[in-house]
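# Survey of secondary and tertiary structure
So you can see what is in the structure, the chains are spelled out below.
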Amino acid sequence: MATNYATVTWDQLHRDARLLAETLMPRGPFKGIVAITRGGLIPAAIIAREMDCRLIETISVVTYDEEHQGKPNVVKAPAAAGDGEGFLIVDDLVDSGVTAQLVRQLLPKALFACLYAKPSGKPLTDLFVVEVPQDTWVLFPWDTAPLFVPPLARKSDAA
Ligand SMILES: O=P(O)(O)OC[C@H]1O[C@H](OP(=O)(O)OP(=O)(O)O)[C@H](O)[C@@H]1O
Ligand SMILES: Nc1nc2[nH]cnc2c(=O)[nH]1
Ligand SMILES: [Mg+2]
């Protein structure tokens, strides 16, 4: 269970995705991008725009709860990507690495890139932008909304 939170704003996400695209440029051009849905969709769109890549495939991996032994299940396969040769896989983050491991097995020849990586998942990536501690939960901009916060002087009222 995460004990800290790291909030990522739209601006930060856009900047980090552009940084990743810049690092990826010398490794390309790519035949296409495989976005790991859903979290990889927006990073993949930003990278595709920067790299002028028009072929976007998706793979959807659903990791069920402990009742189902946390087993990852591919609910949509990346048919257009073959064995991954010439393709770039994009996700928002790697945590345990379970999702990345499964996707890499299916697309062994593809390059794997993500924005954020926790230590357990880091070895499964080829490229990432920012390392995040294992005990930190990343809050993406699509997970959050601005919220009213009372002024400090009024905090004791609420208590
Ligand atoms: O390294 P792991 O422990 O496998 O975790 C990383 C995965 O978890 C999140 O996706 P999630 O399965 O929550 O689904 P989503 O992308 O649809 O939100 C995230 O987008 C990664 O794909
Ligand atoms: N939003 C979010 N999803 C995750 N899935 C696995 N780890 C994380 C995380 O840190 N943040
Ligand atoms: Mg995901």
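Here the structure is a predicted model, which means the values were calculated and not measured.

## As for the pattern of salt bridges
All told, the structure shown has nine salt bridges when counted by the stated rule. A salt bridge links Arg49 to Glu50, with the shortest nitrogen-to-oxygen separation between them at 2.9 Å. Note on Glu50: relative accessible area 30%, which makes it partly exposed. Measuring nitrogen to oxygen at the nearest pair gives 2.9 Å for the salt bridge that ties Asp95 to Lys118. Taken as a pair, Asp95 in the loop between β5 (87-94) and α3 (98-106) and Lys118 in the loop between β6 (111-117) and β7 (127-131) lie far apart in primary sequence, 23 residues in all. You can call Asp95 partly exposed: its relative accessible area is 28%. Each of Arg18, Arg49 and Glu50 takes part in one network of salt bridges that share partners.

## Observations concerning the packing of helix α1 (residues 10-24) against helix α2 (residues 41-51)
Here α1 crosses α2 at 50 degrees, and the two axes come no closer than 9 Å. In terms of orientation, α1 and α2 fall into the oblique class. Handedness of the crossing formed by α1 with α2: right-handed. Contacts between α1 and α2 involve Trp10, Leu13, His14, Ala17, Arg18, Leu20, Ala21 and Leu24 from the former and Ile42, Ile46, Ile47, Arg49, Glu50 and Met51 from the latter. Looking at the contact of α1 with α2 residue by residue, the classes come out as ten nonpolar, one polar and three charged.

## Points about the site of ligand 2
Close contacts around ligand 2 come from Leu93, Asp95, Lys118, Thr136, Trp137, Val138, Phe140 and Asp143, and that covers them all. The separation between a nitrogen atom of ligand 2 and a polar main-chain atom of Val138 is 2.7 Å. Take Asp143: an N or O atom from its side chain is 3.3 Å from a nitrogen atom of ligand 2. A total of 280 Å² of accessible area belongs to ligand 2 in isolation, and the protein chains cover 76% of it. One can see that ligand 2 is located within the largest pocket. For the shell around ligand 2, the leading source of residues is strand β8 (residues 136-139), giving three residues.

Calculation rules
- Along each chain, residue indices are assigned from 1 in the same order as the chain's sequence is written.
- Here the convention is simple: chains get letters from A, ligands get numbers from 1, in the order in which they are written.
- Under the rules for a predicted model, residues below a pLDDT of 70 receive no local features and side-chain atom pairs below 80 are neither given nor counted, while totals for whole chains, interfaces and linings still include all residues.
- Side-chain measures here rest on the full set of heavy atoms in the structure, leaving out hydrogens and waters.
- By definition here, a salt bridge exists when the distance from a side-chain nitrogen of Lys or Arg to a carboxyl oxygen of Asp or Glu is within 4 Å.
- Under the scheme applied here, a residue whose accessible area is under 20% of the maximum for its type counts as buried, over 50% as exposed, and between as partly exposed, the area being computed with a 1.4 Å probe on protein chains only.
- Helix and strand labels come from DSSP, where a helix needs a run of H or I of at least four residues and a strand needs a run of E of at least two; each type is numbered from the N terminus.
- Lines fitted to C-alpha atoms define the axes, with helix axes restricted to the stretch in contact, and inter-axis angles between N-to-C directions lie between 0 and 180 degrees.
- Each angle receives one of four descriptions, namely roughly parallel if under 35 degrees, roughly antiparallel if over 145, roughly perpendicular if within 65 to 115, and oblique otherwise.
- The hand of a helix crossing depends on one turn: near helix anticlockwise from the far one by less than a right angle means left-handed, and clockwise means right-handed.
- Between two residues, a contact is recorded if the distance between any of their heavy atoms is within 4.5 Å.
- Classification convention: Asp, Glu, Lys, Arg as charged; Ala, Val, Leu, Ile, Met, Phe, Trp, Tyr, Cys, Pro as nonpolar; all other residues, Gly among them, as polar.
- Any residue with a non-hydrogen atom lying within 4 Å of a molecule or strand is treated as near it.
- Think of a polar contact as two N or O atoms within 3.5 Å of one another; within protein, one of them needs to be a possible hydrogen donor and the other a possible acceptor, and neighboring residues in sequence only count if both atoms come from side chains.
- Per-residue and other accessible areas were derived by the Shrake-Rupley procedure at a 1.4 Å probe size, with only the shown protein chains allowed to occlude residues.
- Of the grid points, spaced at 1 Å and generated over the protein atoms alone, those admitting a 1.4 Å probe that cannot get out make up cavities, while open sets with protein on both sides within 12 Å along at least five of seven lines make up pockets; any residue with an atom within 4 Å of a point is treated as lining.
- If over half the atoms of a molecule are within 2 Å of the grid points of a cavity or pocket, the molecule is regarded as sitting in it.

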